[in-house]
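Below are the chains, spelled out letter by letter.
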Amino acid sequence: MNATPAPERPADFWEARYRDTARLFSGRPNDLLVREAAGLPPGTALDLGCGEGGDAIWLAATGWRVTGVDVSATALERAARHAVEAGVAERTCWERHELGRSFPDGSFDLVSAQYLQSPVELDRRGVLRRAARSVADGGTLLIVMHAGWPSWMERPPFDTEFPTLDGLLAELALPEGEWSVVTRETVRRPSASPEGLDGHRDDHVWRLRRE
């Protein structure tokens, strides 16, 4: 009888993804982060799953003091280097956490979770509930998630459950009367296949304010 392979550890999976390529992401901030955060007064921010630092560096450049969190040491090393290159190193710090097992201390005026979706184990519900508890009074929780696969994709690479607008709010289990919903929206954006086939992909956006 063949033994069932052990599931890949999230830390190993993501470290390999970053280590095996010179740069995994563009370095530009996520468009929906820019749209939702541009009008907020700068304060302290927490960027969950910061990767190579594109979002955190944009926030720092607009006046925020940002803590970027990722499970990959390679990603964090690159993020710190990019922050120095962008001249915002003094407004950024970087912490390694496997979300779901550990989480940064403190409270923040903005907690951003951009596409916190993973092909390997991730306690999304637990992480986002912890994220909500980390938002300071008057602060903002901003979540962006893919709502489904791209329109051109015939065979998804792995099974996953995409959250619905109402379903994710229910998962958060926010105390009644303590939060207001500022944005709850599905946004369609262009998405081309690796072969250049035109298509689209839908994303969900939630911006919540803690009263």
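A brief report on the enclosed structure follows. (Residues numbered from 1 in each chain as written. Predicted model: local features only at pLDDT ≥ 70, side-chain atom pairs only at ≥ 80, totals over all residues. Heavy atoms only, no water.)

### Observations concerning the pairing of strand β1 (residues 44–48)
- Where burial is concerned, most of β1 is hidden: 4 out of the 5 residues are buried.
- When β1 meets strand β2 (residues 65–70), the two strands line up parallel, connected through 5 bridges. For T44, the partnering residue across the bridge sits in β2 and is R65.
- Note that the unit made of β1, helix α3 (residues 54–61) and β2 has a crossover that is right-handed.
- Examined bridge by bridge, β1 and strand β4 (residues 108–114) share 4 bridges and lie parallel to one another. Paired with L46 across the bridge in β4 is V111. (Buried < 20%, exposed > 50% of the residue type's maximum accessible area, 1.4 Å probe, protein only. Helix = DSSP H or I, 4+ residues; strand = E, 2+ residues; numbered from the N terminus. Pairing = 2+ DSSP bridges. Right-handed = clockwise from strand over helix to strand, strands pointing away.)

### A look at helix α4 (residues 73–86)
- For α4, spanning 14 residues, the distance from its first C-alpha to its last is 20 Å, which sits close to the expected 20 Å at 1.5 Å a residue.
- Looking at α4, one finds that the buried residues are T74, A75, L76, R78, A79, H82 and A83.
- Its buried side turned inward, α4 meets α1 (10–19), α3, β2 and β3 (92–96).
- The opening residue of α4 is S72, an N-cap whose side-chain oxygen sits 3.3 Å from the backbone nitrogen of T74.
- In the segment just after α4, G87 is the residue with positive phi, at about 75 degrees. (Expected span 1.5 Å × (residues − 1). Contact = heavy atoms within 4.5 Å. Polar contact = N/O pair within 3.5 Å; in protein donor to acceptor, adjacent residues only side chain to side chain.)

### Observations regarding the packing of aromatic side chains
- A full pass over the atoms with the stated rule returns 2 aromatic pairs.
- Centre to centre, the rings of F13 and W14 are 5.0 Å apart; their planes meet at 90 degrees, and the pair counts as edge-to-face.
- Accessibility expressed as a relative area gives 16% for F13, which makes it buried.
- The class of W14 is buried, set by a relative accessible area of 18%.
- Ring centres of W149 and F162 lie 5.4 Å apart, and the angle between their planes is 90 degrees; on these two criteria the pair is classed as edge-to-face. Of this pair, W149 sits in the loop between β5 (135–146) and α6 (165–172) while F162 sits in the loop between β5 and α6, and the two are 13 residues apart along the sequence. (Phe/Tyr/Trp six-rings, centres within 6.5 Å; stacked < 30°, edge-to-face > 60°.)

### Some details on helix α5 (residues 124–133)
- Of all the residues in α5, the buried ones are R124, V127, L128, A131 and A132. With its buried residues spanning 140 degrees around the axis, α5 presents them on a single face. (Arc of directions from axis to C-beta.)

### Examining the sheet that holds β3
- The sheet built from 7 strands is open, its strands ordered β3-β2-β1-β4-β5-β7-β6 with mixed pairing. Every interior strand has two partners, whereas the edge strands, β3 and β6 (179–190), have only one. Each adjacent strand pair in this sheet contributes to an overall mean axis angle of 15 degrees, direction not counted.
- Together, β1, β4, β5, β6 and β7 (200–210) form the strand contacts of α5, whose direction differs from that of β5 by roughly 150 degrees. (Axes fitted to C-alpha atoms, helices over the stretch in contact; angles between N-to-C directions.)

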